Amino acid sequence: MIKADQTTERLTGFAGVPAASALLRAGELVAFPTETVYGLGADATNPDAVVKVYDAKGRPRFNPLIVHLSSVDAALEIAAFPEWALQLAVAFWPGALTLVVPSRGILPEIVSAGRPSLALRVPSHPLALALLRASERPLAAPSANPSGRVSPTTACHVLDGLDGRIAAVLDGGPTEVGIESTIVGGEVPTLLRPGGIAVSEIEKVMGASLARSGLITKTVPSAPGQLASHYAPRVEVRLNAEEARGNEILLGFGDIAGDRTLSATGDLREAATHLFAALRELDTLGRPIAVAPIPETGLGLAINDRLTRAAAPR
Ligand code: TXA
Ligand code: MG
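Now for a description of the structure that goes with this document. Remember, it's a predicted structure, so these values are computed and weren't measured experimentally. (Residues numbered from 1 in each chain as written. Chains lettered and ligands numbered in written order. Predicted model: local features only at pLDDT ≥ 70, side-chain atom pairs only at ≥ 80, totals over all residues. Heavy atoms only, no water.)

## A word on the overall build of the protein chain
For clarity, the threshold we go by: In this text, helices come from DSSP runs of H or I with a minimum length of four residues, and strands from runs of E with a minimum of two, each type numbered from the N-terminal end. Radius of gyration here uses only the C-alpha atoms, and the compact-globule reference equals 2.2 Å multiplied by the residue count raised to the power 0.38. Only protein chains enter the accessibility calculation, which uses a 1.4 Å probe; a residue is then buried when its area is under 20% of its type maximum, exposed when over 50%, and partly exposed in between. By definition, residues are in contact when any of their heavy atoms lie within 4.5 Å. The method behind every accessible area is Shrake-Rupley, applied with a 1.4 Å probe, and residues are considered shielded solely by the protein chains displayed.
Within the protein chain one finds nine helices and 15 strands. A compact globule built from 314 residues should have a C-alpha radius of gyration of about 20 Å, and the protein chain, at 19 Å, falls within 12% of that. Relative to its 314 residues, the protein chain shows a buried fraction of 57%. Residue pairs at least 24 apart in sequence account for 67% of intrachain contacts in the protein chain once pairs closer than 6 positions are excluded. For the protein chain, the accessible surface area stands at approximately 12,800 Å², while carbon and sulfur atoms represent 53% of it.

## Some thoughts on the packing of helix H4 (residues 83-92) against helix H7 (residues 199-206)
Here is the rule: Convention adopted: a line fitted to C-alpha atoms gives each axis, helices being fitted over their contacting stretch, and angles between N-to-C directions are expressed from 0 to 180 degrees. Small angles under 35 degrees read as roughly parallel and large ones over 145 as roughly antiparallel, with 65 to 115 read as roughly perpendicular and the rest as oblique. Here a crossing is called left-handed whenever its near helix is offset anticlockwise from the far helix by less than a right angle, and right-handed whenever the offset is clockwise. Throughout, the ten residues Ala, Val, Leu, Ile, Met, Phe, Trp, Tyr, Cys and Pro are labelled nonpolar, Asp, Glu, Lys and Arg are labelled charged, and all others, Gly among them, are labelled polar.
Orientation of H4 relative to H7, taken along the N-to-C sense of each, is 120°, at an axis distance of 10 Å. Judged on the interaxial angle alone, H7 and H4 are oblique. As for how H4 packs across H7, the hand of that crossing is right-handed. Every residue of H7 that contacts H4 at Gln87, Leu88, Ala91 and Phe92 is listed here: Glu201, Ile202, Val205 and Met206. Across the contact of H4 with H7, the residue classes break down as six nonpolar, one polar and one charged.

## Notes on the sheet that holds strand E3 (residues 38-43)
Using the following cut-off: Strands were regarded as paired on the criterion that DSSP finds at least two bridges between them.
Sheet architecture is open: 11 strands sit in the order E1-E8-E2-E3-E7-E4-E6-E5-E9-E10-E11, paired in mixed fashion. Both edges of this open sheet fall to strand E1 (9-12) and strand E11 (211-212), since each of them pairs with a single strand only. As paired elements, strand E2 (residues 30-33) and E3 share four bridges and run antiparallel to each other. Counted as the bridge partner of valine 30 is glycine 41 from E3.

## Details of the nonpolar core
For clarity, the cut-off: Nonpolar cores are built from buried Ala, Val, Leu, Ile, Met, Phe, Trp, Tyr and Cys residues. Side-chain atoms within 4.5 Å join them into one set.
Counting 50 residues, the largest nonpolar core has Phe81, Leu99 and Leu120 as the members making the most contacts within it. Elements that contribute at least two residues to this core include exactly E3, helix H2 (47-57), helix H3 (72-78), H4, strand E5 (97-102), strand E6 (117-121), helix H6 (155-162) and H7. Apart from residues lying up to four places away in sequence, leucine 120 is in contact with Val67, Leu69, Ala75, Ile78, Ala79, Phe81, Trp93, Leu97, Thr98, Leu99 and Val101. Of all hydrophobic cores here, the second largest spans 31 residues; its members include Val235, Ile249, Ala272 and Ala292.

## As for the environment of alanine 244
Topologically, alanine 244 is positioned in the loop between strand E12 (237-238) and strand E13 (249-252). Given the relative accessible area of 34%, alanine 244 is considered partly exposed. Measuring from C-alpha to C-alpha, the distance between alanine 244 and aspartate 55 comes to 39 Å, with 189 residues separating the pair along the chain.

## A closer look at the packing of aromatic side chains
Condition: Ring pairs shown here join Phe, Tyr and Trp side chains whose ring centres sit within 6.5 Å, with only the six-membered ring taken for Trp; geometry is labelled stacked below 30 degrees between planes, edge-to-face above 60, and tilted in between.
Taken as a whole and assessed by the stated rule, the structure comprises one aromatic pair. Judged by centre distance (6.0 Å) and plane angle (85°), the rings of phenylalanine 81 and tryptophan 93 are edge-to-face. Of this pair, phenylalanine 81 sits in the loop between H3 and H4 while tryptophan 93 is found in the loop between H4 and E5, placing the two residues 12 residues apart along the sequence. Here phenylalanine 81 and tryptophan 93 have matching classes, each one buried.

## Some points on the sheet that holds E12
Whether parallel or antiparallel, the strands of a sheet pair through hydrogen bonds between backbone atoms. Spatial ordering of the open sheet is given by E12-E15-E13-E14, a layout of four strands whose pairing is parallel. Looking at which strands have only one partner, the edges of the open sheet turn out to be E12 and strand E14 (260-261). Across three bridges, the pairing between E13 and strand E15 (residues 289-291) is parallel. Counterpart to isoleucine 249 in the pairing with E15 is isoleucine 289.

## Concerning H2
What counts, and what does not: For the purposes of these results, a polar contact is taken to be a pair of N or O atoms within 3.5 Å, where, inside protein, one atom must be able to donate a hydrogen and its partner to accept one; residues adjacent in sequence count only when each atom of the pair is a side-chain atom.
Restricting attention to buried positions, one finds in H2 the residues Ala49, Val50, Val53, Tyr54, Ala56 and Lys57. The secondary structure elements touched by the buried residues of H2 are E3 and H6. N-capping of H2 is provided by asparagine 46, with a side-chain oxygen placed 2.9 Å from the backbone N of aspartate 48.

## Details of the pairing of strand E9 (residues 182-185)
With burial as the criterion, each face of E9 is covered, one bearing Thr182 and Val184 and the other bearing Ile183 and Gly185. Here three bridges tie E9 to strand E10 (residues 190-193), and the two strands are oriented antiparallel to one another. Looking across to E10, one finds that valine 184 is bridged to leucine 191. Taken together, E9 and the strand that follows it, E10, pair antiparallel across an intervening segment of four residues, in which glycine 186 is found at a positive phi of about 115°.

## A word on the pattern of salt bridges
Test applied: In what follows, salt bridge is the name for a side-chain nitrogen of Lys or Arg lying within 4 Å of a carboxyl oxygen of Asp or Glu.
This model, assessed by the stated rule, comprises 13 salt bridges. Measuring nitrogen to oxygen at the nearest pair gives 3.1 Å for the salt bridge that ties glutamate 136 to arginine 25. Here glutamate 136, found in the loop between helix H5 (126-135) and strand E7 (139-140), pairs with arginine 25, found in helix H1 (residues 17-25); they are 111 residues apart in sequence, far enough to count as distant. A salt bridge links arginine 306 to glutamate 180; the shortest N-O distance between them is 2.7 Å. Taken as a pair, arginine 306 in helix H9 (residues 300-311) and glutamate 180 in the loop between strand E8 (168-171) and E9 lie far apart in primary sequence, 126 residues in all. Here the two residues arginine 306 and glutamate 180 agree in accessibility, since each one is buried.

Shown next as structure tokens:
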């Protein structure tokens, strides 16, 4: 059982940054907005602070954390970038791309769950960057939700799952991208998780295709967030539905209008932005959810990945 025994402070906007960074420097947990989803931040140089992240989320200790940095230079200090990774960092940072690269062994092992690699990202959200700069250290930050549940895209979502388990949440309003970052890593550049930056954009910059690791992997997958059942609402989810059956509530897309619709115009970017909030909202109704088909192109890859895992048996 995870204890909820502290008062979680609500901080807002740039005015909240000094207090948020002071808490982080003191080894406390602070959730903060990024352009993708809210992250649960801890000082990545402080192993006692990082342990608290696993505990607050109920996250298995084998599942490593993403480290957030304020610049490419700060990332180069803690990891050795192969040429392909440097090329992608320069092209996409700050932004919704996470790179898994060999660690220089400077950060405590618990950050990467004992792995020799680190997952790194420079976020583009102005509040995240302000917090990183004020804290003057890398911040380990997985999505700010209890393990296995839907990622938060508002401060309110964060509190739904973690109120009383973290020192503070920094409210920056709803996040823009709405789904987590794309993760690329490996000896040859490999897609470990589809996300906020389309694979086609990455391949355009590389001038080559990304290798794919199977999207759904075993007990200790290469990106353990790829466990089959993840992002799980409490109710059942049925995909590729043309219409609602029985008691189902329909999540629409494009021509298929639902009780709630991800994007009436069939815009995948808009659909990604609204996906997690829609799943949370429909989950509260206690009826099974049917989801209209989403095309497997651009951000549709990431949306279908999250939906498939929301629908996986558990
Ligand atoms: O957009 C995002 O990526 C958000 C925001 C907060 O930055 N973060 C996020 O973190 O989604 P999380 O912990 O929910 O997902 C991180 C994924 C996990 O699947 C984890 O297993 C994988 O990254 N990961 C972390 N370090 C890794 C490593 N060294 N090697 C392979 N996978 C790693
Ligand atoms: Mg997560």
